[in-house]
Amino acid sequence: MSLQQLYAVLLTGSIVLLAGIAAARTASRLGLPGLLLFLALGVLLGEDVLGIDFDDAQLAQTLGTSALAVILIEGGLSTRWTDIRRLLLPSSLLATVGVAVSVLLTAAGAHLLLGMNWQLALLLGAIVSSTDAAAVFSVLRALPLPRRIAGMVEAESGFNDAPTVILVLVFSTAAADLPDPAVIAGQITYQLVAGAAIGLLIGWAGTLALRYVALPATGLYPLATVGLGVIAFAAAGAANASGFLAAYLAGIVLGNAVLPHRAATRSFADGIGWLAQIGLFVMLGLLVSPSELPAALLPATIVGLVLLLLARPASVAACLIGFRTGWREQAFISWAGLRGAVPIVLATFPIVAAVPGSRQLLNIVFVLVVLFTLIQGPTLPALARLLRVTQPGQARDVDIESAPLDVLNADLLTLTIPPGSRLHGVEIFELRLPAPSIVTLIVRDGDTLVPEPGTRLQEGDDVLIVTTPATRERVERRLRAVGRRGRLAHWYGEHGDPDPHTSHISHTNSAKGDTQPWTSRTPPSPAPAPSTTATPGKETTSALSSPTPAGAPCCSTTEPTPTLRRTR
């Protein structure tokens, strides 16, 4: 590939990515699942419209499987263990027994109503029986649902990819006689048990490593976390186990562990999850030929109605017997079984295996996903209200750790008061920080307190200060001045200039996690290097202040300077 070709590919890919981001925003405003517009973007770019020719099912299968792994890792990282801990048994039954019931009923409907042979009918039943994690996560997390219902459906969507992949592979390779049901059950059991064990083991080992190994930059923690999820996926696949289940469980373990920079990890995983979704759906839209889709409309509608009105409700009812789930909750769970990228990716498996009629199968699955996602997705909020399963007071998930500062374009400074600092005993109002800066929290002896104007600072306090980029330098100067000369620092002529005898005081840039110097205007004289203490994801450097300027009234020559860390 020449440089000009590389530039053309990067330009096209970037434009498609930005178009996908715009489509996601448009879908959100219209109340539609974003996958519909992503698929439409792919169809628009395809050979029948703008002329991009993409017909490589093998490549689509490979890229689609990789993208699904990333989506499941992100889903695991964002799944709270407390929400699904008590729902493992019902969600596991939905993902195994429920899939089996759904496959059999959907296949019977396709065979009897459409005249499909049993191999194609079973393939179709297996392909469309898997709910899509990306579609479910994006829709349900925007609804004020009881965590029991939302957690059950989310966990099912993360678990049921594994058995459906196994069934699709089995039915794709069974050209004549289907394997014995006991053999299929044995394969499913091994892949699920081995995949779960590998995912949990790698998640546990990764947690220990990330907790006790200090990495040199903040941005390495999200990379390491997602990399561990990919290792779980690949290791399970190499062992002929379920890589999807391993990736999802590894993500759950890592996402619920107490690790450094959890907010950064979630933001990074969310970003690459969106990238995987956009790329996956656009690619799948490219794979189909729009001119062939009208012929698939009738069979897709028939199979979709069988699935939505018969197979899915029957599987939910069969699996939730004994779990005290009322008919309202069962009806909502049945309707919330959204299909998305997973069925379309699975539809490429029979094409790669050269199963006769598999191309028609892809068209049916594509139309079914688009049609019934368009029906189910936008109607879920109204159905939830109609069935009275919503909780209006239920708090929705928000990114509490970073969103407010991003909106305000603010910085969060952390001030540590060392022994001997003249900040000790100073009251909050005496700091006289430039507006709009404010002291928001004090951490003292392991406890937190919200300060009042008369609250006195003490040695060892960690003080959180919210400021803006425009006033941050003035805030830092004021804090240095008070730390050196006390509450009357300005009266003594102390303005908090950087230490003229120490060349720099290091600080951390929150946006990039790198370390840069504060450089004095005065050429530095030789001085001992400041001591640096490194902890996972955080560096703190302390230095002694300069001797008191000549003529300034003071009793000592040096004062401890408070440690300033730019948390954001």
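Residues numbered from 1 in each chain as written. Predicted model: local features only at pLDDT ≥ 70, side-chain atom pairs only at ≥ 80, totals over all residues. Heavy atoms only, no water.

Observations regarding the overall build of the chain
For the chain, the helix and strand inventory stands at 21 helices and nine strands. Among the 568 residues that make up the chain, the fraction classed as buried is 50%. Entry remark: accessible area of the chain is about 26,200 Å², with carbon and sulfur atoms responsible for 64%. (Helix = DSSP H or I, 4+ residues; strand = E, 2+ residues; numbered from the N terminus. Buried < 20%, exposed > 50% of the residue type's maximum accessible area, 1.4 Å probe, protein only. Areas by Shrake-Rupley, 256 points an atom, 1.4 Å probe, with all protein chains shown as cover.)

Things to note about unusual backbone geometry
At the junction of Ala-435 and Pro-436, the peptide bond is cis and its omega measures out at 5° in the coordinates. Summarising the element assignment, Pro-436 is placed in the loop between α20 (428-431) and β2 (438-444). Although it is not a glycine, Ala-354 adopts a positive phi angle of roughly 60°. Along the polypeptide, Ala-354 turns up in the loop between α17 (348-352) and α18 (358-387). Positive phi outside glycine occurs at Asp-445, with the angle close to 55°. Along the chain, the position of Asp-445 falls in the loop between β2 and β3 (447-449).

Points about helix α2 (residues 34-45)
Between its first and last C-alpha atoms α2 spans 17 Å; for twelve residues at 1.5 Å apiece the expected length is 16 Å, and the two agree. Burial runs high along α2: nine of the twelve residues are buried. Looking only at α2, the buried set comprises Gly-34, Leu-35, Leu-36, Phe-38, Leu-39, Leu-41, Gly-42, Val-43 and Leu-45. (Expected span 1.5 Å × (residues − 1).)

Things to note about the side chain of Glu-156
Inspection of the secondary structure puts Glu-156 in helix α8 (residues 147-159). Take Glu-156: its relative accessible area is 2%, and that puts it in the buried class. Sequence-distant contacts of Glu-156, that is, excluding residues within four places in its chain, are made with Ser-91, Leu-94, Ala-95, Thr-131 and Arg-312. (Contact = heavy atoms within 4.5 Å.)

As for the nonpolar core
Of all hydrophobic cores here, the largest spans 83 residues; its most connected members are Leu-124, Phe-171 and Leu-280. Ignoring sequence-local partners within four residues, the contact set of Leu-124 consists of Ala-110, Met-116, Val-303, Leu-361, Ile-364 and Val-365. (Core = buried A, V, L, I, M, F, W, Y, C linked by side-chain atoms within 4.5 Å.)

Details of the environment of Gly-199
Along the polypeptide, Gly-199 turns up in helix α10 (residues 181-212). Taking relative accessible area as the criterion, Gly-199 reaches 0% and is therefore assigned buried. Each C-alpha atom, one on Gly-199 and one on Gly-251, is 8.3 Å from the other, the two residues being 52 residues apart in sequence. Apart from the residues lying within four places of it in its own chain, the contact partners of Gly-199 are Ala-232, Ala-246, Leu-249 and Ala-250.

Section: the packing of helix α6 (residues 118-128) against helix α9 (residues 161-173)
Relative to each other, α6 and α9 sit at 165°, their axes nearing to 9 Å. In terms of axis orientation, α6 runs roughly antiparallel to α9. In this structure, the crossing between α6 and α9 has a hand that is left-handed. In this structure, α6 contributes Gln-119, Leu-122, Leu-123, Ala-126 and Ile-127 to the contact, and α9 contributes Thr-164, Leu-167, Val-168, Phe-171 and Ser-172. (Axes fitted to C-alpha atoms, helices over the stretch in contact; angles between N-to-C directions. Parallel < 35°, antiparallel > 145°, perpendicular 65-115°, else oblique. Left-handed = near helix turned anticlockwise from the far one by under 90°.)

Re the packing of aromatic side chains
For the structure on display, the rule yields four aromatic pairs. Plain terms: the ring middles of Phe-159 and Tyr-248 are 5.5 Å apart, the flat faces sit at 85° to each other, and that makes the pair edge-to-face. Of the two residues, Phe-159 sits in helix α8 while Tyr-248 sits in helix α12 (residues 243-255), which places them 89 residues apart along the sequence. Of the two residues, Phe-159 and Tyr-248, neither departs from the other in class, the shared state being buried. Through successive ring pairs, a cluster of aromatic residues spans Phe-38, Trp-274 and Phe-281. (Phe/Tyr/Trp six-rings, centres within 6.5 Å; stacked < 30°, edge-to-face > 60°.)

Considerations on the confidence of the model for the chain
Looking at the chain as a whole, the pLDDT averages 76, with 80% of positions reaching at least 70. For residues 500-559, every residue scores under 50 in pLDDT, and the model assigns this stretch 107 contacts once sequence neighbours within four places are set aside. (pLDDT = per-residue confidence, 0-100.)

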